[in-house]
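Results of the structural survey
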Amino acid sequence: MIPTLPPRTAAKTYPPLVSQTELETYLTPLYRAGWWISETHGHLKPSKEGNPVTVPVSQMSRQYELKSFKSAIQFVNDLAAICAEERHHPIFSVDFNKVSVHVFTHTAHPPPTSKPTSQPHSIPGITSRDLRFATRLESRFRSYLEAGNAVQPDVGSKGGEMWQPVSVHELHIPIRIEGSETLEAWQCPYI
Ligand SMILES: C[C@H](O)[C@H](O)[C@H]1CNC2=NC(N)=NC(=O)C2=N1
């Protein structure tokens, strides 16, 4: 399966939290490539006066293993270029040859509630911007694998089929993982 790239959202708008369909389309190939959903904390700015409230938030995470510190730093430079192009800024860190990336959207459009007066301007969560960022980064990483400068993650079970339940916000999707995606499946034309 060749992954597709979520469309770019308009700048300075609050994108909606991901839908079930977006998750199924875009998160499944990312999961097979080594991404996962983890929990962190974000800030919720109330619409009226008041202090920001800390809330739990789902984010997308991945650890990339390169063959050397030099390759890891090169990869971080590529990552930074994608950040600038996408105007999206994940948290990342380097541990010698490993680059960890965590991404979520600070300002997503909140879903409608029955009490519009208590509706915050924006909420943190996973949006198509995160799926798009991760897909582009994953595609870039393929060139490091092809050049022999990176290590492919060991995803899923060896041989057998494995279903993994994944929860994002209120959504739950089963993801079928049958070992790592092949290199060919990520020959993306868009980067
Ligand atoms: C205006 C500008 O595009 C926004 O502030 C961007 C900057 N980078 C960002 N990065 C991340 N990870 N989430 C955001 O919501 C975000 N917002």
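No experiment lies behind these values; they were computed from the predicted model shown. (Residues numbered from 1 in each chain as written. Predicted model: local features only at pLDDT ≥ 70, side-chain atom pairs only at ≥ 80, totals over all residues. Heavy atoms only, no water.)

Around the ligand lies a shell formed by Arg87, His88, His89, Phe104, Thr105, His106 and Thr107. In the model, a nitrogen atom of the ligand is placed 2.8 Å from a nitrogen or oxygen of the His89 side chain. Between His106 and the ligand, the recorded distance is 2.8 Å, taken from a backbone N or O atom to an oxygen atom. When the residues that make up the shell around the ligand are grouped by side-chain class, the tally is 1 nonpolar, 5 polar and 1 charged. (Near = heavy atom within 4 Å. Polar contact = N/O pair within 3.5 Å; in protein donor to acceptor, adjacent residues only side chain to side chain. Nonpolar A, V, L, I, M, F, W, Y, C, P; charged D, E, K, R; others polar.)

Turning our eyes to something else, we now look at the side chain of Asn97. Mapped onto the fold, Asn97 is located in the loop between strand S3 (91-95) and strand S4 (98-103). For Asn97, a relative accessible area of 13% corresponds to the buried category. Discounting chain neighbours no more than four positions away, the residues touching Asn97 are Tyr64, Glu65, Leu66, Ser68, Phe69 and Ala72. (Helix = DSSP H or I, 4+ residues; strand = E, 2+ residues; numbered from the N terminus. Buried < 20%, exposed > 50% of the residue type's maximum accessible area, 1.4 Å probe, protein only. Contact = heavy atoms within 4.5 Å.)

Of the pockets and cavities examined, the largest pocket occupies roughly 370 Å³. Lining the largest pocket are 20 residues, with Lys12, Glu86, Arg87, His88 and Arg129 sitting closest to its centre. Among the elements of the structure, helix H2 (69-86), strand S5 (105-108) and helix H3 (128-146) are those that each provide at least two residues to the lining of the largest pocket. For the second largest pocket, the calculated volume is near 260 Å³. Those elements that provide at least two residues to the lining of the second largest pocket are strand S1 (36-44), strand S2 (53-66) and strand S6 (123-125). In terms of residue count, S2 provides more of the lining of the second largest pocket than any other element does, 4 residues in total. Across the lining of the second largest pocket, the residue classes break down as 10 nonpolar, 4 polar and 1 charged. (1 Å grid on protein atoms, 1.4 Å probe; cavity = no way out; pocket = protein on both sides within 12 Å on 5 of 7 lines; lining within 4 Å. Points joined across faces, edges and corners; volume = space filled by probe spheres on them.)

As a further point, take the packing of H2 against H3. Running from N to C, H2 and H3 point in directions that differ by 145°, and their axes come no closer than 10 Å. Relative to H3, H2 is oriented so that their crossing is right-handed. Two secondary-structure elements touch here, H2 through Ser71, Gln74, Phe75, Asp78, Leu79, Ile82, Cys83, Glu85 and Glu86 and H3 through Arg132, Phe133, Arg136, Leu137, Arg140, Phe141 and Tyr144. Per-class residue counts for the contact of H2 with H3 are 8 nonpolar, 2 polar and 6 charged. (Axes fitted to C-alpha atoms, helices over the stretch in contact; angles between N-to-C directions. Left-handed = near helix turned anticlockwise from the far one by under 90°.)

Core analysis: the largest hydrophobic core is formed by 35 residues, its most contacted members being Leu27, Trp35, Met60, Tyr64, Leu66, Val99 and Leu137. The biggest single contributor to this core is H3, with 7 residues. Apart from the residues lying within four places of it in its own chain, the contact partners of Tyr64 are Trp35, Phe75, Asn97, Lys98, Val99, Val101, Leu137, Glu138 and Phe141. (Core = buried A, V, L, I, M, F, W, Y, C linked by side-chain atoms within 4.5 Å.)

By themselves, these figures tell us nothing about what the structure is for.
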